[in-house]
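# Topology and contacts: notes
Below are the chains, spelled out letter by letter.
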Amino acid sequence: NYPGLAAPIDAVRYQGAVVASELGTHSVIRLTPAGRTTLTDALFVPSGLAASGGDLWAADWASGMVWQIMSRGAPVMIPAAKGLAGPEGLAVDLDGSLLVVESGAGRLSRIDAKTGDVTVLAENLELGAPGVPDMPPTWAFNGVAVGPSGAIYVTGDKANVLYRIRGTN
């Protein structure tokens, strides 16, 4: 339990700690029982997070970018992809690529973490409902998750639906 956060949007486990995107401080923070550490405060609207091993990525909804902010446990600030439409949920696929929900375009895309190339996996998803005044622009956060079978799941806020993009489970 970590009280007193400034509008947390997403959270993931990373190297034995909890990492959260915090809208109110434009930050991604690491939370431990000993306290909090800011990993970056350079995002306009921090949204989705994904972690794999020592690597950590964060989406910036306002700039349309996904950033790698940790590499093998060391701080970095490397653009992983740009030109995205309202990136929200992030996940690492079984092949090591990144999945990103583009709420502004109603699609799920794949990011090649090595080249930054973006390819569309699914379009015409009912997501990206407009927010109301004084609420986070991500409104009802649209997330993505990958099951152990490789099935990809995406939440769609406009239709109140859970999509299964591929797989049987």
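Residues numbered from 1 in each chain as written. Predicted model: local features only at pLDDT ≥ 70, side-chain atom pairs only at ≥ 80, totals over all residues. Heavy atoms only, no water.

## Overview of the overall build of the chain
Condition: The numbering of helices and of strands both runs from the N terminus, where a helix is a DSSP run of H or I of at least 4 residues and a strand a run of E of at least 2. For the exposure calls, accessible area comes from a 1.4 Å probe over protein chains only, and a residue counts as buried if that area is under 20% of its type's maximum, exposed if over 50%, partly exposed in between. Throughout, a residue-residue contact means that at least one pair of heavy atoms, one from each residue, lies within 4.5 Å. For the area figures, the Shrake-Rupley method with a 1.4 Å probe applies, and any residue is considered shielded solely by the protein chains shown.
When helices and strands are counted, the chain shows 0 helices and 15 strands. Structurally, the chain occupies a C-alpha span of about 40 × 40 × 30 Å along its principal axes. Each of the 169 residues in the chain was classed as buried or not, and the buried ones make up 44%. Across the chain, every contact between residues at least 6 apart in sequence was considered, and the portion connecting residues at least 24 apart equals 36%. Accessible area for the chain stands at about 8200 Å²; split by element, carbon and sulfur atoms hold 53% of it.

## What about the sheet that holds strand β15 (residues 161–166)?
Strand pairing in a sheet relies on backbone hydrogen bonds. The paired strands run either parallel or antiparallel. Put simply, the test is: Here a strand pair is declared whenever DSSP counts at least two bridges between the two strands. Note on geometry: axes are C-alpha line fits, over the in-contact stretch for helices, and angles between N-to-C directions span 0 to 180 degrees.
Pairing within the open sheet is antiparallel, and its 3 strands lie in the order β13-β14-β15. Among the strands making up the open sheet, the edge pair consists of β13 (144–146) and β15. On average, each strand axis in the sheet is inclined to that of its neighbour by 25 degrees, with strand direction left out of account.

## Description of unusual backbone geometry
You will see that Ala7, though not glycine, has its phi angle at about 60 degrees, which is positive. By secondary structure assignment, the location of Ala7 is in the segment before β1 (8–14). Positive phi values are uncommon outside glycine, yet Asn160 reaches one of about 50 degrees.

## A closer look at the side chain of Glu102
Heads up, the rule is: N or O atoms closer than or at 3.5 Å make up a polar contact, with two conditions inside protein: a donor-capable atom paired with an acceptor-capable one, and, for residues adjacent in sequence, both atoms drawn from side chains.
As for its placement among the helices and strands, Glu102 is situated in strand β10 (residues 98–102). Among the residues examined, Glu102 registers a relative accessible area of 1% and is labelled buried. Among the polar contacts made by the side chain of Glu102, one reaches the main-chain amide nitrogen of Ala85 at a distance of 2.9 Å. Those residues within four positions of Glu102 in sequence are excluded, and the remaining contacts are Leu84, Ala85, Gly86, Pro87, Arg107, Ser109 and Leu127.

## Overview of the pattern of salt bridges
Let me state the cut-off plainly: In what follows, salt bridge is the name for a side-chain nitrogen of Lys or Arg lying within 4 Å of a carboxyl oxygen of Asp or Glu.
For the structure shown, the criterion picks out 4 salt bridges. Glu22 serves as the salt-bridge partner of Arg36, at 2.6 Å between the closest nitrogen and oxygen. On the criterion of sequence distance, the pair formed by Arg36 in strand β4 (residues 35–40) and Glu22 in strand β2 (residues 17–22) is long-range, its members being 14 residues apart. In this structure Arg36 comes out as partly exposed when scored by relative accessible area, which is 42%. One salt-bridge network, held together by shared partners, links Asp93, Asp95 and Arg110.

## Let's talk about the sheet that holds strand β3 (residues 27–32)
Ordered by their spatial adjacency, 4 strands build an open sheet running β1-β2-β3-β4, and the pairing between neighbours is antiparallel. Sheet topology places β1 and β4 at the edges, where each strand pairs with a single neighbour. Here the average twist between neighbouring strands, direction ignored, is 25 degrees. As judged from the 6 bridges shared by β1 and β2, these two strands associate in the antiparallel manner. The partner of Pro8 across the bridge, within β2, is Glu22.

## Observations regarding the nonpolar core
Convention followed: We define a nonpolar core as any set of buried Ala, Val, Leu, Ile, Met, Phe, Trp, Tyr and Cys residues linked to one another through side-chain atoms lying within 4.5 Å.
Counting residues in each nonpolar core, the largest one holds 12 residues, listed as Val12, Tyr14, Val19, Val28, Leu43, Leu49, Leu56, Ala58, Met65, Trp67, Ile69 and Met70. Breaking this core down by element, the ones donating at least two residues are β1, β6 (55–60) and β7 (65–71). Of the residues forming this core, the biggest block, 4 residues, is contributed by β7. Among all residues touching Tyr14, those that are not within four sequence positions of it are Val19, Arg30, Ala51, Gly53, Gly54, Asp55, Leu56, Met70 and Gly73.

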